[in-house]
Amino acid sequence: MTDIAHSESSGTSPVFDFDPAGASETVQLTIVIPTRNEVDNVATLFAGVNAAFADVSAEILVVDDSDDSTPFLIAEQAETSRLPVRLLHRESDDRRGGLGSAVVAGARHARGEWVVVMDADLQHPPEVVARLTLVAARHSADIVVGTRYAGTGSASEGLHGARRVAGSSTATRLAKAIFPRRLATITDPMSGLFAFRRAAVDLNRLDPIGFKLLLEILVRHPGSTVAEVSYEMAARHAGRSKASLREALTYVRHLARLRRHRLAGQLNQRPKTRRERLQQLGRMIAFGLVGASGIAVNTFALWAAYEMASLNHLLGAAIATQASTLWNFALVELLVYRRKGNGTWRGRAVRFWAMNNLLLLARLPVLQALVWAGLGVLQSNAVTLVGLFLVRFLLNDRVIYGGRGAEPARDPVHLLVDSGPAAEPAVSSRRRSTYLKYRYDIAGTVTIGSQILLPELEFFRAQWVADDSVDIAVRVGDVGNRRPRRRAAMTEFVEPAALRYEEHLGRFGANFRVELGEQINIVVGPLLARSPHVVYTNIVEALLRFVLISRGRMLLHSACVTLGGVGVMLSALTDTGKTATILRLLRDHGGRFLSDDMTVVDAHGNAVCFPKPLTISAHTLRAVNATDLTGKEWRRLQLQSRLHSKGGRSIALTLAKFNLPIMGINAITQMVVPPPKYSVDRLVPCRLGSSAVVEELFIIERGKPHIADLSFDDTVERMIANTDDAYGFPPFRYLAPAVTVGGLGYTELRAREREILKGFLANVRTRTVASDCFGWADEIPKLIRAADASAEPDLPAPARRQHAEEMFPNWRAAGRLAASGGIA
């Protein structure tokens, strides 16, 4: 007979541990199963759970409210269970709250990082529960819900009779109607099958009554991220449903109580004192007055450009926007928020400018439509300005100057893992070519074929590669439903492995599909096909990253050059100043260029060239030798470099938190104002290198000047973080966990990526270099020369100086030029 140990309990009912030897063992998963009079289900339940979780670090925790012999049968099953079993039997006095409180009691005693909840009557098949836990391990969601109402999910077997089906549907619709925003991405908030990360759910917030604990968790944790897994609800193995009229009334009472809780929370976010309310009212009035004065400035500037200078009215509106932006920012900064906001005033100015110009792109088509409808130019312009006033205010208050008690952001994308086939609904009858016109060979490791020209990969063009043998194929086609959607959705299909991303505008949206097989097939919708940069950056490069890992290489977010034969790598967070530093190093010290944004590396310290065109941001202009650019290109560069800078990226990432077709907006923005991309040898005189053994790694930062060595472990973590930062734009975080390449899942690929990086860094010296004046290009050559001198201690000083001059033939001239202020 298995030994039984008692563990402490927060209530009056003790927890019986049937595996005292492993009582303190840490497990990844706790399977909480509430039971009530389940004599006929216990044996089959334990057999199914043990089989489904054979390879998982898990424990079974049964919370029993039975009045029959169920707990004794559980004790018998615990003797032969492979998984450790614990039992919390609640006496009648401890059962207040019903099934919901039983699960909460079990969660309080869980030892796993994740808690998964399933019914004991086998309507939640154990193999489906195991699949749900795999999704929880891969994705970064806080809660994973088993859904009967999305994808190939079904409740027809589990809900017998039209009355039960109608009751379940009505309960779901009622909950979604009462909590439309919180439950917008959840199709089955009534589900009894779900998992949650223990650290993400505050059990002290929960006070459930009745069956619907998931609803309680979702409403009381509005900032949690959610994924769904479709499943077919099975017929009950034995026993009868515990649903009744009494439970239905309890559910309605539960909804009313949760609604009161949400209203109370919203009221608590309002100013509590009379002074705070008056201050808020003052800010609102001041912002409105500033906006009104800005409309006056904008209208006057448009009148001057359109009436006096005879410019096109759309061009006049763009010029007027710059004038009113400057006016509005000065008043908002000084009078409304009084220089209190996120970051520095320069950063706020850039974000303010980027916001107004992004909104300008939205205004211009409406302005033209109003003019065509017969409204005057000045009147049409005023209408568009007033129409966007609320959007402008929300972006200012929540993004540029920071929110005040704002509710946690909700995930705007519906994430579903579907076990059914990846069928495309209502495929267009239009016949499309499958020929891959453009073919590329990346470092002799990965081949790509595409129907769309991918400018980032032009260096790797290899038309000799057969289009039927490429590793990644990109084609244009119809993806998703024809009908518009209420929000974006990422659907991951299990068998065969595939995924589909759809946005709000149906077939007109920025949709794509990826089939993950021996060959990765990407199909992009017509809108995305017109924006190759978005296709490459947001889809192709993400997949290329994982294919390279499967073949022993890593796509590392870094820049790489050789200076005097020394392989030098730079890394930084996005928009720090890495590109400007590389350009200055090449201009002032010669050397060979390998990469600016991403570098292909292996575990032996080798870096292979990946010379994508450089994206020029605002601070990079200081390093650009613009003598080869035409006047038109230079003028266009002033706008492009700011729109596609850190400020523009910040606005875009903020918009991605809202229920907007963000990928479509990004694609249209890049079509209207393409990113400023130039080959490196057009910007500065230089030669390209094919590969290098990296000896020096510099991680550049902004801040108080300092130089410090970085340990190996810290370097690994920083390089991983910098690389992940480059993939911050959606939909990467939904796409990546679904990727399987060469039999390796996302977790295995990330582990292998880390091992490749460790091998690459084994013989590389790493230093952090901080500067408050973009001075990295001045310090790095000095550090390399110092390292080289220390490596030749026996050489006399003249010989060391001669050696340094041979390595850096331009360093003396560059030093004199820098001293005279000739280098920006």
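We now turn to the structure provided with this report. Think of each chain on its own: its residues are numbered from 1, step by step along the sequence as written. In keeping with the model being predicted, local features are shown solely for residues with a pLDDT of at least 70 and side-chain atom pairs are shown and tallied solely at 80 or more, while totals for entire chains, interfaces and linings include all residues. Computation of side-chain values: all heavy atoms of the structure, hydrogens and water removed.

## Re the overall build of the protein chain
Cut-off, in case you're wondering: Strands are runs of DSSP state E lasting at least 2 residues, helices are runs of H or I lasting at least 4, and numbering of each runs from the N terminus. Only protein chains enter the calculation, and the probe is 1.4 Å; a residue is then buried if its accessible area is under 20% of its type maximum, exposed if over 50%, and partly exposed in between. For this analysis, residues touch if any pair of their heavy atoms sits within 4.5 Å. Note on areas: these come from Shrake-Rupley sampling with a 1.4 Å probe, and a residue is covered only by the protein chains present in the view.
Along the protein chain, the regular secondary structure elements total 25 helices and 29 strands. By the burial criterion, 52% of the 824 residues in the protein chain qualify as buried. Across the protein chain, contacts joining residues at least 24 apart in sequence account for 75% of those joining residues at least 6 apart. In the form shown here, the protein chain has an accessible surface area of approximately 36,600 Å², with 56% of it arising from carbon and sulfur atoms.

## Let's talk about the packing of aromatic side chains
Geometry of an aromatic ring pair is reported as the spacing of the ring centres plus the angle between the planes. The line we're drawing: Between rings of Phe, Tyr and Trp, where Trp is taken as its six-membered ring, a pair exists when centres lie within 6.5 Å; planes separated by under 30 degrees are stacked, by over 60 edge-to-face, and by other angles tilted.
Tallied over the entire structure, the rule returns ten aromatic pairs. Measuring from centroid to centroid gives 6.3 Å for Phe-546 and Phe-732, while their planes differ by 5 degrees, and the two rings are stacked. On the criterion of sequence distance, the pair formed by Phe-546 in helix 14 (residues 532-550) and Phe-732 in helix 21 (residues 732-735) is long-range, its members being 186 residues apart. Here the two residues Phe-546 and Phe-732 agree in accessibility, since each one is buried. Feature note: the residues Phe-546, Tyr-727, Phe-732 and Tyr-746 constitute an aromatic cluster, connected by ring pairs.

## Let's talk about empty space enclosed by the protein
Applicable threshold: Put simply, the grid is 1 Å and covers the protein atoms alone, a cavity is a trapped set of points that fit a 1.4 Å probe, a pocket is an open set with protein on both sides within 12 Å along at least five of seven lines, and lining residues have an atom within 4 Å of a point. Grid points are joined across faces, edges and corners, and a volume is the space filled by probe spheres set on the points. Three residue categories are used. Nonpolar comprises Ala, Val, Leu, Ile, Met, Phe, Trp, Tyr, Cys and Pro, charged comprises Asp, Glu, Lys and Arg, and polar comprises the others, including Gly.
In the structure shown here, the tally under the stated rule is one cavity of 30 Å³ or more. In this structure, the largest cavity encloses a volume near 60 Å³. In this structure, the largest cavity is lined by His-139, Ser-140, Ala-141, Thr-225, Val-226, Asp-411, Leu-415, Arg-733 and Tyr-734. For the lining of the largest cavity, the class distribution of residues is four nonpolar, three polar and two charged.

## Description of the pattern of salt bridges
This is how the line gets drawn: Within this document, salt bridges are pairs made up of a side-chain nitrogen of Lys or Arg and a carboxyl oxygen of Asp or Glu, the two lying within 4 Å of each other.
The final tally for this structure, using the stated rule, is 32 salt bridges. Between Asp-471 and Arg-551 there is a salt bridge whose closest N-O contact spans 2.9 Å. With Asp-471 in the loop between strand 12 (446-450) and strand 13 (472-476) and Arg-551 in the loop between helix 14 and strand 18 (553-557), this residue pair connects regions lying 80 residues apart in the sequence. Among the residues examined, Asp-471 registers a relative accessible area of 15% and is labelled buried. Assessed through its relative accessible area of 40%, Arg-551 is described here as partly exposed. Notably, a salt bridge pairs Asp-724 with Arg-545, separated by 3.0 Å at the nearest N-O pair. A residue pair is termed long-range when its members are at least 10 positions apart, and Asp-724 in helix 20 (residues 712-725) and Arg-545 in helix 14 qualify at 179 residues. A relative accessible area of 28% means that Asp-724 is categorised as partly exposed. Each of the salt bridges in this network shares a partner with another, and the network as a whole consists of Arg-545, Asp-724, Arg-750 and Glu-753.

## Brief notes about the pairing of strand 27 (residues 691-702)
This is how it is decided: Think of it this way: DSSP has to see at least two bridges between two strands before they count as a pair.
Sheet topology places strand 20 (residues 566-571) next to strand 27; five bridges connect them, and they run parallel. Pairing of Gly-567 across the sheet is with Val-694, part of strand 27. In this structure, strand 23 (residues 606-608) lies alongside strand 27, joined through three bridges in antiparallel fashion. Within the sheet, the bridge partner assigned to Val-608 lies in strand 27 and is Ser-691. Of the pairings in the sheet, the one linking strand 27 to strand 29 (residues 765-771) comprises seven bridges and is parallel in character. Bridge assignment links Leu-697 to a residue of strand 29, and that residue is Thr-766.

## A word on helix 22 (residues 746-761)
This is how the line gets drawn: Take the residue count of a helix, subtract one, and multiply by 1.5 Å to get its expected span. Directions from the helix axis toward the C-beta atoms define the arc.
Here helix 22 contains 16 residues, and its C-alpha end-to-end distance of 23 Å stays within 8% of the 22 Å for a straight helix at 1.5 Å per residue. Among all positions of helix 22, only Tyr-746, Leu-749, Arg-750, Glu-753, Ile-756, Leu-757, Phe-760 and Leu-761 are buried. Within helix 22, the buried residues cover an arc of 125 degrees as seen down the axis, which keeps them to one side.

## Here we look at the side chain of Arg-500
What counts is decided by this rule: Here a polar contact means two N or O atoms within 3.5 Å. Within protein one must be a hydrogen donor candidate and the other an acceptor candidate, and residues neighboring in sequence count only if both atoms are side-chain atoms.
Tracing the chain through its elements places Arg-500 in strand 15 (residues 498-502). Residue classification places Arg-500 among the buried residues on the basis of a relative accessible area of 9%. At 3.0 Å, the side chain of Arg-500 forms a polar contact with the side chain of Glu-502.

## A few points about unusual backbone geometry
In this model, Glu-495 is joined to Pro-496 through a cis peptide bond whose omega is -5 degrees. Positioned with a positive phi, Asn-37 is a non-glycine residue whose angle comes to about 55 degrees. Here Asn-37 lies in the loop between strand 3 (29-35) and helix 1 (42-52). Even without a glycine there, the phi angle at Phe-774 is positive, about 55 degrees. Mapped onto the fold, Phe-774 is located in the loop between strand 29 and helix 23 (776-791).

## Points about the side chain of Arg-439
Note the threshold: For the charge count, each Lys or Arg is scored as positive and each Asp or Glu as negative, with His and the chain ends excluded.
Here Arg-439 is to be found in strand 11 (residues 438-442). Despite its burial, Arg-439 remains without a salt bridge, the nearest opposite charge being carried by Asp-467 at 5.5 Å. Polar side-chain contacts of Arg-439 include one of 2.7 Å to the side chain of Tyr-435. With sequence-adjacent residues up to four places away left out, Arg-439 is seen in contact with Ile-448, Gly-449, Phe-460, Arg-461, Ala-462, Gln-463, Val-465, Ala-466, Asp-467 and Val-470.

## With respect to the packing of helix 1 against helix 2 (residues 70-80)
Here is the rule we go by: Every angle, taken between N-to-C directions, lies between 0 and 180 degrees, and every axis is a line fitted to C-alpha atoms, over only the stretch in contact when it is a helix. For a crossing to be left-handed, the near helix must be turned anticlockwise from the far one by less than a right angle; the clockwise case is right-handed.
Look at helix 1 against helix 2: their axes get within 10 Å of each other, and the N-to-C directions meet at 35 degrees. Of the two elements, helix 1 crosses helix 2, and the hand of that crossing is right-handed. On helix 2, the residues that touch Val-42, Ala-43 and Phe-46 of helix 1 are Thr-70, Leu-73, Ile-74 and Gln-77.

## Thoughts on the packing of helix 10 (residues 345-372) against helix 11 (residues 377-387)
Filter applied, for reference: An angle below 35 degrees is treated as roughly parallel, one above 145 as roughly antiparallel, one from 65 to 115 as roughly perpendicular, and anything else as oblique.
Running from N to C, helix 10 and helix 11 point in directions that differ by 140 degrees, and their axes come no closer than 9 Å. Relative to helix 11, helix 10 is oriented oblique. Pair helix 10 / helix 11 crosses with right-handed handedness. Each of Arg-363, Val-366, Leu-367, Leu-370 and Val-371 in helix 10 lies in contact with helix 11, whose residues at this interface are Val-377, Ser-380, Asn-381, Val-383, Thr-384 and Leu-385. Residue composition of the contact of helix 10 with helix 11, grouped by class: seven nonpolar, three polar and one charged.

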